[in-house]
Amino acid sequence: MKTTNKILFLASISTILFACGGNKQVNNQEKVEEGVNINNNPLGVLKKVTEAGNKYQEIQEQITKNEPVNPIHFKDLISLLPKSPSGWEAEEAQGETNTFGEYSISQASRSYKQEDRTIEIRITDWAYNTGLYAPFLISADFSQESSQGYNKGIKIGDVPGREEYTFNSKKGTLSLLAEQRFFIEIEGNNIESQELQEWWGLIDKKEISQISN
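This report concerns the structure included in the present document. (Residues numbered from 1 in each chain as written. Predicted model: local features only at pLDDT ≥ 70, side-chain atom pairs only at ≥ 80, totals over all residues. Heavy atoms only, no water.)

## Focus on the overall build of the protein
Helix and strand counts for the protein stand at 6 helices and 11 strands. Looking at the protein as a whole, 41% of its 213 residues are labelled buried. (Helix = DSSP H or I, 4+ residues; strand = E, 2+ residues; numbered from the N terminus. Buried < 20%, exposed > 50% of the residue type's maximum accessible area, 1.4 Å probe, protein only.)

Put into structure tokens, the structure is as follows:
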């Protein structure tokens, strides 16, 4: 990484605060790792900021080993979307493939509704387009929380991501990068915060792994 870019990167990271330290379980199987609390461990925060610059370069070197591929057909992504759980109604799934110059991505989505509560799940095949990866993976190390809500980096099992939630509006988004390829977004309205990770539990991770290999 060029020195100037690295300085700018570290400066931007240093504005992010950590919150919600500790680990917990999802579905009694997958451990969730969250950031450290800046009030309890300010030295740990500074260490993380320093490590972020080195990690950025390591991630770039790692993901460049994965050559871009043609994305899988969006119909295959639709098959990864979970069925409607009890008490919820699922709309017809949508899918498409888009090309931007030499890069292509496929995406599939489905909305679920229960009275005034909604969930939308989107799965995008990034097809190992390396420019998309590093910023997201680095952001998974940093968190911020206030009386209004939170925006935290998390890791569920070995899957990195971010979770955002606003308390008053009960809106939230869980974004995860599975198999260094599939970007999964779970967006909810009028839901409780824990429901985001519960919906992640409905997605078949084994099938995602099989498709990526």
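After that view, the rundown keeps rolling.
## As for the pattern of salt bridges
This model, assessed by the stated rule, comprises 6 salt bridges. A salt bridge links Glu-195 to Arg-117; its shortest N-O distance comes to 2.6 Å. Taken together, the residues Glu-195 in helix α5 (residues 194-200) and Arg-117 in strand β6 (residues 117-125) connect sequence positions 78 residues apart. The two residues Glu-195 and Arg-117 agree in class, both being buried. One salt bridge in this structure joins Arg-122 and Glu-187, with 3.2 Å as the shortest N-O distance. With Arg-122 in strand β6 and Glu-187 in strand β11 (residues 182-189), this residue pair connects regions lying 65 residues apart in the sequence. The structure contains a network of salt bridges with shared partners spanning Glu-120, Arg-122, Glu-185 and Glu-187. (Salt bridge = Lys/Arg side-chain N within 4 Å of Asp/Glu carboxyl O.)

## Here's the deal with the nonpolar core
Proteins that are soluble and globular tend to have nonpolar side chains buried together. Residues Ile-119, Ile-121, Ile-123, Leu-174, Ile-184, Ile-186 and Trp-200 are the most contacted members of the largest nonpolar core, which totals 29 residues. Counting residues per element, the ones that place at least two in this core are β5 (103-114), β6, β8 (149-156), β9 (159-166), β10 (171-178), β11 and α5. Not counting the four nearest positions on each side in its chain, Trp-200 is found in contact with Glu-30, Ile-156, Val-159, Leu-174, Leu-176, Ile-184, Ile-186 and Lys-205. (Core = buried A, V, L, I, M, F, W, Y, C linked by side-chain atoms within 4.5 Å. Contact = heavy atoms within 4.5 Å.)

## Quick word on unusual backbone geometry
Look at Glu-115: it is not a glycine, yet its phi comes out positive at around 55 degrees. Judged by relative accessible area, Glu-115 falls into the exposed class, the value being 71%. Phi is positive for Gln-180, which is not a glycine, with a value near 55 degrees. Mapping Gln-180 onto the fold places it in the loop between β10 and β11. Judged by its relative accessible area of 27%, Gln-180 is partly exposed.

## Quick word on the environment of Glu-102
For Glu-102, the location among the structural elements is in the loop between β4 (94-100) and β5. Under the relative-accessibility criterion, Glu-102 is labelled exposed at 69%. Once the C-alpha coordinates of Glu-102 and Asn-129 are considered, the two residues, 27 residues apart in sequence, prove to be 9.9 Å apart.

## Observations concerning the pairing of strand β2 (residues 30-34)
In β2, alternate side chains face the same way, and those of Glu-30, Val-32 and Glu-34 are buried while those of Lys-31 and Glu-33 on the opposite face are not. Pairing of β2 with β8 involves 3 bridges; the strand directions are antiparallel. Bridge pairing links Val-32 to Ile-156 in β8. (Pairing = 2+ DSSP bridges.)

## Some thoughts on the environment of Gln-144
With respect to the secondary-structure elements, Gln-144 resides in strand β7 (residues 143-145). Sequence separation of Gln-144 and Glu-164 is 20 residues, and the distance between their C-alpha atoms is 9.4 Å.

## Thoughts on the packing of aromatic side chains
Where two aromatic rings form a pair, the distance of their centres and the angle of their planes describe that pair. Summed over the entire model, instances satisfying the criterion amount to 6 aromatic pairs. Ring geometry for Trp-88 and Trp-199: centres 5.1 Å apart, planes at 85 degrees, overall edge-to-face. You can see Trp-88 sitting in the loop between α3 (74-78) and β3 (89-90) and its partner Trp-199 sitting in helix α5, a full 111 residues away along the chain. An identical accessibility class is assigned to Trp-88 and Trp-199; each is buried. Ring centres of Tyr-112 and Trp-199 lie 4.9 Å apart, and the angle between their planes is 50 degrees; this geometry places the pair in the tilted category. You can see Tyr-112 sitting in strand β5 and its partner Trp-199 sitting in helix α5, a full 87 residues away along the chain. Ring pairing ties together the aromatic residues Trp-88, Tyr-112 and Trp-199, which thus form one cluster. The cationic tip of Lys-152 hangs over the ring face of Tyr-150; the distance from NZ or CZ to the ring centre is 4.4 Å. The ring of Trp-200 has Lys-205 lying over it, and the distance from NZ or CZ to the ring centre is 4.5 Å. (Phe/Tyr/Trp six-rings, centres within 6.5 Å; stacked < 30°, edge-to-face > 60°. Lys NZ or Arg CZ within 6 Å of the ring centre and 35° of its normal.)

What is shown is where atoms sit, not what they do.
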